[in-house]
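# Understanding the architecture of this molecule
Spelled out, the chains give:
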Amino acid sequence: MKLKNSNVIGIIPARYDSTRLEGKPLLKINGKPMIQHVYERASHVLSQLVVATDDERIFDCVASFGGKCIITSKNHETGTNRCLEAFKHWSKEKNNDASIIINIQGDEPLLDTSHLNDIISCFKDPNTTIATLALKVKRNTLLKEGSVYLTKDDNDFALYFSRFPIPYLRDIPKDQWTNHHQYYQHIGIYGFTKESLADFSESSNSLLESSEKLEQLRWLEKGEKIKVATTEFFSQPVDTKEDLKIVRDYFNKKEN
């Protein structure tokens, strides 16, 4: 069901110069560029949606399938900073000051509509200023270093994010960890209040953020909270050629 609420906007940051996979948003999956898959899936939920890019090629691609796009600076260090610039442009142009901004990664072509609805639902809790999403890892799944995992408290607020599977289960072989504990893999979708988006984007990088190369740790290190919604709907971000093959194979199996 598409949200008509003017208080919610989705922003998809997408840059061309990806370190590991250049031109990533334009790579074809099942005949469509990746950014189009993300945009079309998000548009099933959000009536207000825009791509934020620093590249004319991505801008032209989005325009070609009827999407809305804003050109932003090339100097942003994070997608969140790019979102803030796009949000300011959009607010001024539309004369609309949305209270919830959803940062939807441009490399999530398997985005599910429930992912967005789950993020938005987090803001029913008045203590939520930032929200994100976690995939419940199934039993007998081999955990991979490099993927992002998280732990959370009893109130579904994040305790920590890491590129190493956490928690570390002492005295249990790693290939059996998921049989002894419920693990959560992070899906890089975020919801912000407009105040927290500005505060986060304008704050300095933190030590943990720099160590793990995970910008969400900046917020935790400041002593702030991130609400975590959980899902069982699979998602696969595309960071490498191997990830791209996984996603392409997924679409091929779905078609056959």
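Cut-offs applied
Throughout this description, residue numbers start from 1 for each chain and increase along the sequence as written. Only residues with pLDDT of at least 70 get local features here, since the model is predicted, and only at 80 or more are side-chain atom pairs given and counted; chain-wide, interface and lining totals rely on the full set of residues. By convention in this description, side-chain values take in all heavy atoms of the structure and omit both hydrogens and water. Runs of H or I in DSSP of at least four residues are treated as helices and runs of E of at least two as strands, each being numbered from the N terminus. For the exposure calls, accessible area comes from a 1.4 Å probe over protein chains only, and a residue counts as buried if that area is under 20% of its type's maximum, exposed if over 50%, partly exposed in between. Remark: nonpolar core denotes a set of buried residues (Ala, Val, Leu, Ile, Met, Phe, Trp, Tyr, Cys) joined through side-chain atoms within 4.5 Å. Here, residues are in contact when the closest pair of their heavy atoms is within 4.5 Å. Patch membership requires over 30% relative accessible area and the absence of a salt bridge. Like charges are linked within 9 Å, and nonpolar side chains (Val, Leu, Ile, Met, Phe, Trp, Tyr) within 5 Å. Each accessible area is a Shrake-Rupley result for a 1.4 Å probe, and residues are judged covered by the shown protein chains and nothing else. Salt bridges are defined as contacts in which a side-chain nitrogen from Lys or Arg sits within 4 Å of a carboxyl oxygen from Asp or Glu. Here, axes are lines fitted to C-alpha atoms. For helices the fit covers the stretch in contact, and angles between N-to-C directions go from 0 to 180 degrees. Oblique is the label for any angle not under 35 degrees, not over 145, and not in the 65 to 115 range, which are roughly parallel, roughly antiparallel and roughly perpendicular in turn. In a left-handed crossing the near helix is turned counterclockwise from the far helix by less than a right angle, and in a right-handed crossing that turn is clockwise. When residues are sorted by character, Ala, Val, Leu, Ile, Met, Phe, Trp, Tyr, Cys and Pro go into the nonpolar class, Asp, Glu, Lys and Arg into the charged class, and all the rest, Gly among them, into the polar class.

This part is about unusual backbone geometry. For the peptide bond that leads from I166 to P167, omega is 0°, which places it in the cis range. Note on placement: P167 falls in the loop between β9 (158-162) and β10 (184-193). The phi dihedral of N30 falls on the positive side, at around 55°, and the residue is not glycine. Along the polypeptide, N30 turns up in the loop between β2 (28-29) and β3 (32-33). Classification of N30 by relative accessible area gives partly exposed; the value is 39%. The backbone of K213 sits at a positive phi, close to 60°, despite the residue not being glycine. Within the secondary structure, K213 sits in the loop between α6 (207-212) and α7 (216-221). Overall, K213 belongs to the exposed group, its relative accessible area being 60%.

Attention now moves to the nonpolar core. Counting 32 residues, the largest nonpolar core has V51, I102, I104, L116 and I189 as the members making the most contacts within it. Among the secondary structure elements, those contributing two or more residues to this core are β1 (8-14), α1 (34-43), β4 (49-53), α2 (56-64), β6 (100-104), α4 (113-121), β7 (130-136) and β10. Broken down by element, the residue count for this core peaks at four residues, all from α1. For L116, the contacting residues outside a window of four places in its chain are A42, V45, L46, I102, I104, L111 and I189. Of all hydrophobic cores here, the second largest spans 29 residues; its members include I70, I101, Y184 and L197.

Further remarks concern a nonpolar patch on the surface. On the surface, F234, I246 and Y250 cluster together to form a nonpolar patch covering roughly 270 Å² of accessible area. Mapped onto the elements, F234 comes out in the loop between β11 (227-231) and α8 (241-255).

Attention now goes to the pattern of salt bridges. All chains considered together, the criterion is met by 13 salt bridges. We note a salt bridge from E232 to K136, for which the minimum N-O separation is 4.0 Å. Of the two residues, E232 sits in the loop between β11 and α8 while K136 sits in strand β7, which places them 96 residues apart along the sequence. On the basis of relative accessibility, which here comes to 60%, the residue E232 falls in the exposed class. Owing to a relative accessible area of 30%, K136 belongs among the partly exposed residues under this scheme. We note a salt bridge from K245 to D249, for which the minimum N-O separation is 2.8 Å. Pair noted here: K245 and D249 are both in helix α8, with a separation of four residues, about one helical turn. Exposure remark for K245: the relative accessible area of 53% places this residue in the exposed category. With a relative accessible area of 30%, D249 lands in the partly exposed category.

Let us now look at the environment of F234. Accessibility expressed as a relative area gives 42% for F234, which makes it partly exposed. Taking the C-alpha atoms as reference points, F234 and I187, separated by 47 residues in sequence, lie 9.3 Å from one another. Each residue touching F234, except ones within four places of it in the same chain, is listed here: L110, H115 and L135.

Where helix α3 (residues 79-94) contacts helix α5 (residues 194-202), the axes come no closer than 9 Å and their chain directions differ by 130°. Taken together, α3 and α5 sit at an angle that is classed as oblique. Of the two elements, α3 crosses α5, and the hand of that crossing is left-handed. Across the interface between the two elements, T80, N81, L84, F87 and K88 of α3 pack against K194, L197, A198, F200, S201 and E202 of α5. Partitioning the contact of α3 with α5 into residue classes produces five nonpolar, three polar and three charged.

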